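The primary structure of each chain is shown beneath.
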Amino acid sequence: MRKRDHNVFTNAASLLICGLLAGVVVAAAAFPAVAMSGLAAKAGAETFDKLPSELTVKKAPQISYLYASDGKTPLATMYDENRRDVPLKDIAPIMRQAIIAAEDHRFYEHNGVDMNGVARAFVANNSAGVTTQGASTLTMQYVRLAIAYSATHPQDVVAATEDTSARKLREMRYALQIDADLSKDEILERYLNIAPFGNGAYGVFAASQVYFGKAPKDLKIEEAAMLAGMVKAPSAFNPTTRSGYPEAAKRRNYVIDNMVEIGAITPEQATAAKAIKLTVKDKRTPNGCVATRQNDWGFFCDFFYRWWMDQQTFGATQYDRERRLKSGGYSIVTTLDAKTQSAAKKAVERNVKTGKKEAMMVAAVEPGTGRVRALAVNRHYKLDNPDKPANKLSTNPAKRKKGIRGTYPNTTNPLLTGGGDITGYQAGSTFKIFTVVAALENGYPLQHSIDAKPVYRSGYILEYNAPAACPGTNKYCPGNASASMAGRHNMWSAFGASVNTYFVPLQERVGAAKVIDAAERMGIKFRASNDAKFASTEQSADQWGAFTLGVSQTTPLDLANAYATLAADGKYCEPIPVQQIRDQEGNKLDIANPRCQQRIKTEVARAAVDAARCPVGDRSSTSRCNGATARNVRGDVGKPVAGKSGTTDSERSASLVVMTKQLAVAGILADPDWPETNQNMGHNEPGGVNHAVYQTLRDAMKGKPSIQFTPPTGKILEGDTRSIPDVRCETIETARQRLKGAGFEVQVDSVPINSSCPANRVAGTSPDGRTIKGGDVMIQISNGRGTGGNNAPGRPSSRPPVSDPRPTTG
């Protein structure tokens with residue numbers, strides 16, 4: 001119905017009559033004896049005329065909908081008030097007629113204020129001495145609700161609903177203006193979308209869903225009548241309660257009779273409708289991440305919620321951002337891929353079922369976009385009931401002794417993504433990839449060779465006689481998982497076999513600070529305070545000797561995204577949970593776009609991936625692999641793959657990352673409640689992390705094309721290397737000059753080592769043989785105590801110690 005052409009004289013007359021009646025009503029309320037005096041009428045007219053006529057109407061809170069990546073599958077709903085505005089054309093005509101029958105028979109006849117109703121209410125109330133009748137039209141009721149929703153102060157809400165003559169006058173004034181500005185159908189549409197219907201349902205769309213599980217366009221006579229009857233008193237006429245059900249039935253029948261009176265239905269239709277038993281579904285719309293469509297989607301939903309709360313686009317404060325999410329009426333297509341999520345959850349449960357203390361955590365990220373496709377763990381996303389707890393006592397002995405319960409099987413902690421008290425888990429040798437990247441960036445080629453010792457005495461300083469130090473020294477001395485891993489290695493073979501005593505000296509040559517910088521550029525965050533302290537300055541970072549072995553805490557999501565950066569040829573993308581956000585008007589928000597930067601050079605990324613193909617049983621035309629820690633992965637996934645496994649000291653955690661060009665999947669098996677667990681976390685054995693990771697990737701990739709990684713070319717393979725002069729048994733100064741003359745940067749290790757050369761002569765160099773042009777070469781000094789190598793202990797250094805976390809075993 002188009003906007004009506006209001007008659008100016010009619011509205012003027014209405015204003016005058018309302019003003020006069022207003023004076024009488026006010027006087028009747030305060031001084032009944034003088035209510036009909038001319039003085040009261042004159043005062044009322046003047047007061048009414050001075051009331052504001054422009055009503056500022058804000059949009060009522062709207063529910064926000066989250067969908068899976070297909071844009072169709074519901075994921076979750078978020079709301080302060082369960083409301084979704086719908087146009088009048090999507091509301092059944094019988095519902096429109098029912099609300100008119102229940103609340104305002106003359107809605108299409110009056111100008112916002114029903115003069116007959118006002119006069120009738122005045123006479124009735126004056127005779128009774130108390131208020132027994134109102135005179136509110138649908139338009140006035142809409143005004144009342146609109147004022148409440150537009151209020152900026154709690155007192156304004158009270159003023160909009162208090163039972164006073166002043167409120168009535170204000171409503172009348174605004175109602176006349178609203179009626180002049182809008183068509184009757186527009187007013188009716190707004191009213192039906194704003195009215196409360198009880199049980200958390202606001203507006204007719206939510207009410208139709210909650211009580212009848214259908215859209216408002218599909219409502220029947222008896223259903224429309226029940227809903228229309230509820231708006232007068234939603235609590236009193238609540239059909240889902242024992243006391244409210246009979247009252248709701250009576251009220252429904254009353255509305256049906258009124259529908260006959262206004263000619264909306266026939267008496268026969270009314271009789272048939274009243275004969276139908278009142279039946280409601282009482283199906284409240286789920287709200288929040290604890291009520292996702294599938295419970296295991298809750299961890300992804302939580303990641304989305306935390307992401308939203310960090311976006312300043314949605315408000316200056318977290319309170320503002322939450323209000324926008326829960327009242328902004330957004331339509332949000334998330335990045336959750338239902339197929340990948342299902343594959344991850346099934347793989348997790350297949351290997352470690354929910355209820356076990358160890359957490360099998362798997363995250364999947366799309367390279368080149370940062371879109372998070374799956375987050376799965378063997379936990380229920382729910383709060384444990386403190387009155388009837390299902391969670392077992394904590395595995396942490398100190399907490400168990402105090403009766404504190406753990407996070408299994410129920411938790412809402414962000415186990416996979418980090419946040420709050422969750423700082424992550426050690427990922428072991430998966431971190432060697434950052435040393436590979438930093439070395440390649442600094443001119444060390446994939447062919448760079450190091451003679452890996454069974455035990456390597458590094459220059460990194462620990463506390464004297466610390467567990468990870470060489471006996472009787474303060475030097476960090478890592479070993480390998482197996483003595484057979486010693487020998488000469490390049491990056492391909494060392495990464496494939498996970499040789500610790502290759503990567504610690506490689507990190508020394510490159511500089512630990514540069515390795516840490518590469519990790520940060522690829523998305524690793526340092527949430528634990530001790531990790532953050534080490535990474536905070538170049539000086540402290542350069543003494544973090546065990547960093548390359550994965551002692552820093554991380555999460556499955558950060559780890560998957562770091563490797564995804566390499567799969568995307570060095571393009572880092574922020575992990576993001578959304579791919580499209582539309583506001584109430586249907587406008588797309590740019591904040592959902594991928595946020596990517598080229599952080600690693602393409603040739604470096606491709607070379608790193610080439611090395612990363614070795615551990616998982618794959619190779620390219622340029623790969624020179626020799627050894628693999630997860631050799632079966634290539635065959636099981638059936639696509640070109642790259643990745644790395646990792647194990648921490650005493651096998652307290654186990655990890656694996658595997659990626660194709662289209663998807664990177666990382667898994668960590670750990671005990672979130674007690675990182676120092678005495679349980680061994682395995683890889684290939686039943687319940688090990690490897691199975692869950694490669695099974696996730698295998699099933700997620702079914703039906704997708706095989707895309708080859710681009711192999712590296714040029715100097716990054718062989719590099720520009722130079723022979724290191726043999727300076728054994730020469731004086732330190734002579735050796736220094738020869739090495740400088742060959743173009744190397746020279747340093748002298750102040751701690752002597754066992755050597756057959758005379759004391760205070762050169763025992764050898766580190767590295768020896770060949771290294772990159774202009775690379776660092778360390779002169780090692782002999783103590784004159786016979787044969788030995790760089791793994792032999794010497795006297796402690798006088799340099800101040802820097803503590804180092806426990807190293808990993810590979």
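Since the structure is predicted, the reported quantities are computational estimates derived from the model, not experimental observations.

1. Overview of the overall build of the chain
Next up, step 1: Broken down by element type, the chain carries 28 helices and 22 strands.
Next up, step 2: Here the chain holds 810 residues, and the buried ones make up 56% of them.
Next up, step 3: When contacts within the chain are restricted to residue pairs at least 6 apart in sequence, long-range pairs at least 24 apart make up 72% of them.
Next up, step 4: Carbon and sulfur atoms form 50% of the exposed surface of the chain, whose accessible area is close to 33600 Å².

2. So, unusual backbone geometry
Next up, step 1: At the junction of Tyr 408 and Pro 409, the peptide bond is cis and its omega measures out at 10° in the coordinates.
Next up, step 2: Structurally, Pro 409 is set in the loop between helix H16 (397–401) and strand E7 (410–411).
Next up, step 3: Following Ser 766, the chain continues into Pro 767 via a peptide bond in cis, with omega recorded as 0°.
Next up, step 4: Topologically, Pro 767 is positioned in the loop between strand E20 (762–766) and strand E21 (770–772).
Next up, step 5: Even without being glycine, Asp 569 reaches a positive phi, approximately 60°.
Next up, step 6: Structurally, Asp 569 can be placed in the loop between helix H23 (556–567) and strand E12 (571–573).

3. Examining the nonpolar core
Next up, step 1: Trp 308 and Ile 581 are the most contacted members of the largest nonpolar core, which has 113 residues in total.
Next up, step 2: If you look at the next biggest cluster of nonpolar residues, it comprises 66 residues, including Tyr 67, Val 113, Ala 225 and Met 230.

4. Thoughts on the confidence of the model for the chain
Close reading of the predicted structure is inappropriate where its pLDDT is low.
Next up, step 1: Of all residues in the chain, 87% have pLDDT values of 70 or greater, and the mean over the chain is 89.
Next up, step 2: Of the regions scoring below 50 in pLDDT, residues 1–10 engages in 19 contacts with residues more than four places distant in sequence or in other chains.
Next up, step 3: Considering only residues more than four positions removed or in separate chains, one finds that residues 128–133, a stretch of pLDDT under 50, has eight contacts.

5. Focus on the packing of helix H11 (residues 244–261) against helix H12 (residues 267–275)
Next up, step 1: Where H11 contacts H12, the two axes come as close as 9 Å, and the packing angle between them is 170°. The pairing of H11 with H12 is recorded here as roughly antiparallel in orientation. Facing H11, whose interface residues are Arg 252, Asn 253, Ile 256, Asp 257 and Val 260, H12 presents Pro 267, Ala 270, Ala 273 and Lys 274.

6. Remarks on the sheet that holds strand E2 (residues 74–78)
Next up, step 1: Taken in spatial order, the four strands line up as E2-E1-E3-E13 in an open sheet, and their pairing is mixed. Each of the sheet's edge strands pairs with one partner strand only, and the pair in question is E2 and strand E13 (578–582). On average, each strand axis in the sheet is tilted by 15° relative to the strand beside it, whichever way the strands run.
Next up, step 2: Pairing analysis gives three bridges linking strand E1 (residues 64–67) to strand E3 (residues 331–334), with the strands arranged parallel. Bridged to Leu 66 within E3 is Ile 332.
Next up, step 3: Against the sheet, helix H13 (residues 298–309) engages E1, E2, E3 and E13, with an angle of about 45° to E2.

7. What about the packing of helix H3 (residues 93–103) against helix H8 (residues 184–194)?
Next up, step 1: Interhelical geometry of H3 versus H8 gives an angle of 85° and a closest axis separation of 11 Å. The angle between H3 and H8 falls in the class roughly perpendicular. From H3, Met 95, Arg 96, Ile 99, Ile 100 and Glu 103 reach across to H8, where they touch Leu 188, Tyr 191 and Leu 192.
Next up, step 2: For the contact of H3 with H8, the class distribution of residues is six nonpolar, no polar and two charged.

8. Looking at the pairing of E20
Next up, step 1: Within E20, five of the five residues are buried, which leaves the element mostly enclosed by the surrounding structure.
Next up, step 2: Inspection of the sheet shows E20 paired to strand E22 (residues 776–781) by four bridges, in the antiparallel sense. Paired with Ser 766 across the strands is Met 778, a residue of E22.

The rules behind each value
Residues numbered from 1 in each chain as written. Predicted model: local features only at pLDDT ≥ 70, side-chain atom pairs only at ≥ 80, totals over all residues. Heavy atoms only, no water. Helix = DSSP H or I, 4+ residues; strand = E, 2+ residues; numbered from the N terminus. Buried < 20%, exposed > 50% of the residue type's maximum accessible area, 1.4 Å probe, protein only. Contact = heavy atoms within 4.5 Å. Areas by Shrake-Rupley, 256 points an atom, 1.4 Å probe, with all protein chains shown as cover. Core = buried A, V, L, I, M, F, W, Y, C linked by side-chain atoms within 4.5 Å. pLDDT = per-residue confidence, 0-100. Axes fitted to C-alpha atoms, helices over the stretch in contact; angles between N-to-C directions. Parallel < 35°, antiparallel > 145°, perpendicular 65-115°, else oblique. Pairing = 2+ DSSP bridges. Nonpolar A, V, L, I, M, F, W, Y, C, P; charged D, E, K, R; others polar.

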